[in-house]
Amino acid sequence: IGLGVILYGPVRTMASLERVDDYPLFVMRYHGGYFFDWFSEHGIEWPLFQKFYKMMNPDACTSFVAMSDPNNVVFARNFDWLHRSSLLLFTDPPKGYASVSMVDLYYLGLEGMKEIPWSKRFFLLGTPYGVMDGMNEWGVAVSINAVPFKKLPYDPNKPTLISNQLMRAVLDHARDVNEAISLIQKFNPNFAVFCGHLHIADVSWASVLV
């Protein structure tokens, strides 16, 4: 019974996967939480994360916000990598805000698959941490774009999160740009594959690059 309770959310999540076109583009709804509150206290130094990260494929872009209409703010971006497999992910964590985001399945080792077999759907449980951009229920939008390399500050008293996890923190816990900045300042940022910056905007017409 206990095992069934533990697996209920993950199995529902994996079973919700649906391919909607031949690009391929997939859609999935994440059921339950993904331990982000606990994870944000330990950062990427957590040994289990390091092991899981090595199981995945270890191997940017332009964004803008249009604010001419206060009732219809538009946040848009393109994705300049050659990867094709994308996932539109819906999340609604118990202790965070609901959001929709795009995931590049290349970084989960699922590039180019027209169908994802159950033997590989375990990797889909990591999709909340593989976001490339997204928007939450408060209208806070965020994307990552590549920039030339720059050395980042490091504070040994703060946990370290990779850029995708920082975006997850923003989507789950920020109601506006100011809250997003405050959240990011609690961590050491790490850009694991390429150096980048985060473009964050909200419905109040605030927009910032971090």
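What counts and how
Residues numbered from 1 in each chain as written. Predicted model: local features only at pLDDT ≥ 70, side-chain atom pairs only at ≥ 80, totals over all residues. Heavy atoms only, no water. Pairing = 2+ DSSP bridges. Helix = DSSP H or I, 4+ residues; strand = E, 2+ residues; numbered from the N terminus. Axes fitted to C-alpha atoms, helices over the stretch in contact; angles between N-to-C directions. Contact = heavy atoms within 4.5 Å.

## Remarks on the sheet that holds strand E2 (residues 25-30)
Here is step 1: In space, the 8 strands of this open sheet follow the order E1-E2-E5-E6-E7-E8-E11-E12, with mixed pairing throughout. Looking at which strands have only one partner, the edges of the open sheet turn out to be strand E1 (18-21) and strand E12 (207-209). When strand polarity is set aside, the average angle formed by the axes of neighbouring strands in this sheet is 20°.
Here is step 2: Relative to strand E11 (residues 196-201), strand E8 (residues 141-146) runs antiparallel, the two being bridged by 6 bridges. What sits directly across from Ala 141, in E11, is Ala 201.
Here is step 3: Sitting on the sheet, helix H4 (residues 163-173) touches strand E5 (86-91), strand E6 (99-104), strand E7 (131-136), E8 and E11, and the angle it makes with E7 is about 5°.
Here is step 4: Set on the sheet, helix H5 (residues 177-184) makes contact with E11 and E12; between it and E11 the angle comes to about 150°.

## Quick look at the environment of Pro 94
Here is step 1: Here Pro 94 lies in the loop between E5 and E6.
Here is step 2: Each C-alpha atom, one on Pro 94 and one on Asp 172, is 9.9 Å from the other, the two residues being 78 residues apart in sequence.
Here is step 3: Beyond its immediate stretch of four places on either side in the chain, Pro 94 contacts Gly 32 and Gly 33.

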